[in-house]
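# Architecture at a glance
Listed below, chain by chain, are the residues.
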Amino acid sequence: MPGFELFGEQERAHVNDVLQSGVLMRYGFDGARSHWKARELENALAQRMGAKYAHLVSSGTAALTIAMASAGVGAGDEVIMPTFTFVATFEAILALGAVPVMVDVDDTLTLDPKAVEKAISKHTKVIMPVHMCGSMADLDALAALCRKHQLLLIEDACQAIGASYKGKALGSYGDLGCFSFDYVKTITCGEGGALITDNEAYYTHADHYADHGHDHKGSDRGAESHPFLGYNYRISELHAAVGLAQIARLDDFLKIQKSNYTILRKRLNQVPGITFRKVPEGGVENYSFLSFFLPTAVLAKKAQAALADAGIDGCFYWYDNNWHYHRQWEHLKDLKSLGFLPNQVRDNLPNYYKSDFSQSDHWVGRTISCLIKLGWKKEEVKQRAETMAQVLGALV
Ligand SMILES: *Cc1c(COP(=O)(O)O)cnc(C)c1O
């Protein structure tokens with residue numbers, strides 16, 4: 001998945017433009033500047049994703065926070081999120097004083113629509129599918145629930161940029177969609193993120209909120225007014241410059257990922273007992289990971305160790321992971337915060353020690369996800385496929 005593998009002339013050229021002018025900020029300094037890297041990247045992203053608006057920010061976590069804030073999510077609102085994601089999901093929810101309501105994933109490794117429906121309460125405001133490891137949630141089913149209960153659909157597409165569902169780019173299907181351009185994502189700015197939307201009001205809110213509430217009217221920053229409270233989640237021109245080079249390469253990266261993924265998948269398909277993560281009908285992955293199921297959790301754990309022993313790096317067993325799965329999130333379950341959290345959060349956070357996430361455990365406990373690298377040579381991938389097939393074949 002990581003775009004950092006293939007840095008080159010394009011990235012250097014865009015960064016040098018910024019260093020030459022010395023204008024590192026995305027706003028203002030019109031006289032001295034010869035570039036609008038952040039603005040250009042927003043245009044490129046909106047165009048590639050088929051969205052009316054894109055707004056670039058300092059991280060994917062910031063994008064999630066701003067997406068919710070711009071749609072009016074606040075203290076006491078409940079946001080439905082999956083048990084399998086990155087900690088950024090509940091960090092962003094808590095940052096707004098909202099309540100993270102975790103629900104089970106299914107064999108798509110993303111939100112199970114049936115579990116989501118059961119979790120909807122009168123406080124629910126958002127359903128937030130997280131398109132983990134390059135593939136997607138059943139968006140039609142989730143959108144139907146949103147229509148029925150008048151909820152917002154906010155997609156976390158941080159791990160799935162370039163994937164699509166029924167012909168639409170992930171992130172562009174919901175009311176808002178979020179991307180991360182941190183260092184290990186499919187394309188990177190070093191640090192950065194973005195949200196996309198077709199909703200003009202949400203976009204305007206996001207644009208102001210991410211820059212202290214600046215209304216961005218006129219050409220004198222100091223004279224701008226602040227229609228509502230904001231925060232600083234700006235991206236710099238230097239970061240945007242790297243991303244501008246990377247987005248032009250996104251489709252090349254996806255092509256390489258698809259080719260490497262396909263070689264591995266075809267070979268593993270011949271191993272009895274190995275099955276693959278379900279991709280919803282009409283979905284096309286971005287091929288940043290190959291995720292498969294072993295027949296049992298015990299075998300999955302053994303498989304990860306055996307693959308590592310055989311020199312196959314980059315295969316993850318999420319079930320035991322500190323950052324991606326509910327089992328290790330006691331800091332959330334116990335609300336271990338430095339300062340006092342809002343009453344709405346402390347009073348309404350579900351008691352997750354009593355939750356039954358056996359359905360998630362059933363699927364995630366049997367899952368291995370292998371990172372697809374861009375830099376592999378074809379022979380290397382074939383060798384890797386052979387080694388993996390032998391290691392897994394000996395186990396199951
Ligand atoms: C990376 C990631 C984020 C957060 O992105 P940052 O840019 O690192 O803040 C959010 N959600 C998911 C699923 C991610 O993988």
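Every value quoted in this text rests on a predicted model; they were computed, and no experiment measured them.

## So, the sheet that holds strand 7 (residues 168-169)
The sheet built from 3 strands is open, its strands ordered 7-6-11 with antiparallel pairing. The sheet terminates laterally at strand 7 and strand 11 (283-284), the two strands that pair on one side only. The pairing of strand 6 (residues 164-165) with strand 7 spans 2 bridges and is classified as antiparallel. Directly across from Ser164, in strand 7, lies its bridge partner Ala169.

## Description of the packing of helix 1 (residues 9-21) against helix 8 (residues 237-247)
Between helix 1 and helix 8, the shortest axis-to-axis distance is 8 Å and the interhelical angle comes to 150°. Compared by their axis directions, helix 1 and helix 8 come out roughly antiparallel. Considering the relative orientation of helix 1 and helix 8, their crossing is right-handed. Residues Gln10, Glu11, His14, Val15, Val18 and Leu19 of helix 1 form the contact with helix 8, whose participating residues are Glu237, Leu238, Ala241, Val242, Leu244, Ala245 and Gln246. Counted by class, the contact of helix 1 with helix 8 contains 8 nonpolar, 3 polar and 2 charged residues.

## Notes on the domain arrangement of the protein chain
Partitioning the protein chain into structural domains gives domain 1 (3-249) and domain 2 (251-395). Taking the mean C-alpha position of each, domain 1 and domain 2 sit 23 Å from one another. Counting residues at the interface gives 49 residues for domain 1 and 48 residues for domain 2. Taking both sides of the interface into account, the surface hidden between domain 1 and domain 2 amounts to around 4,000 Å²; carbon and sulfur atoms contribute 63%. Joining domain 1 to domain 2, the criterion identifies 1 salt bridge. Its salt-bridge partner being Arg48, residue Asp251 comes within 2.9 Å of it at the nearest N-O pair.

## Remarks on the pairing of strand 14 (residues 367-371)
Of all 5 residues in strand 14, 5 are buried; the element is thus mostly enclosed. Neither face of strand 14 is exposed, since Thr367, Ser369 and Leu371 on one face and Ile368 and Cys370 on the opposite face are all buried. For strand 12 (residues 289-293) and strand 14, the ladder comprises 5 bridges, and the chain directions are antiparallel. Its bridge partner being in strand 14, Phe293 is matched across the sheet by Thr367. Examined bridge by bridge, strand 13 (residues 315-316) and strand 14 share 2 bridges and lie antiparallel to one another. The residue of strand 14 that forms the bridge with Phe316 is Ser369.

## Some points on the packing of aromatic side chains
Per the stated rule, a full pass over the model turns up 16 aromatic pairs. Through successive ring pairs, a cluster of aromatic residues spans Phe84, Phe289, Phe316, Tyr317, Trp318, Tyr319 and Tyr325. The side chain of Arg265 reaches across the aromatic face of Phe276, ending 4.1 Å from its centre. Taking NZ or CZ as reference, Arg327 lies 3.9 Å from the ring centre of Tyr319, over its face.

Conventions used here
Residues numbered from 1 in each chain as written. Predicted model: local features only at pLDDT ≥ 70, side-chain atom pairs only at ≥ 80, totals over all residues. Heavy atoms only, no water. Pairing = 2+ DSSP bridges. Helix = DSSP H or I, 4+ residues; strand = E, 2+ residues; numbered from the N terminus. Axes fitted to C-alpha atoms, helices over the stretch in contact; angles between N-to-C directions. Parallel < 35°, antiparallel > 145°, perpendicular 65-115°, else oblique. Left-handed = near helix turned anticlockwise from the far one by under 90°. Contact = heavy atoms within 4.5 Å. Nonpolar A, V, L, I, M, F, W, Y, C, P; charged D, E, K, R; others polar. Domains from an automatic or database assignment. Buried area = accessible area lost by both parts, 1.4 Å probe. Salt bridge = Lys/Arg side-chain N within 4 Å of Asp/Glu carboxyl O. Buried < 20%, exposed > 50% of the residue type's maximum accessible area, 1.4 Å probe, protein only. Phe/Tyr/Trp six-rings, centres within 6.5 Å; stacked < 30°, edge-to-face > 60°. Lys NZ or Arg CZ within 6 Å of the ring centre and 35° of its normal.

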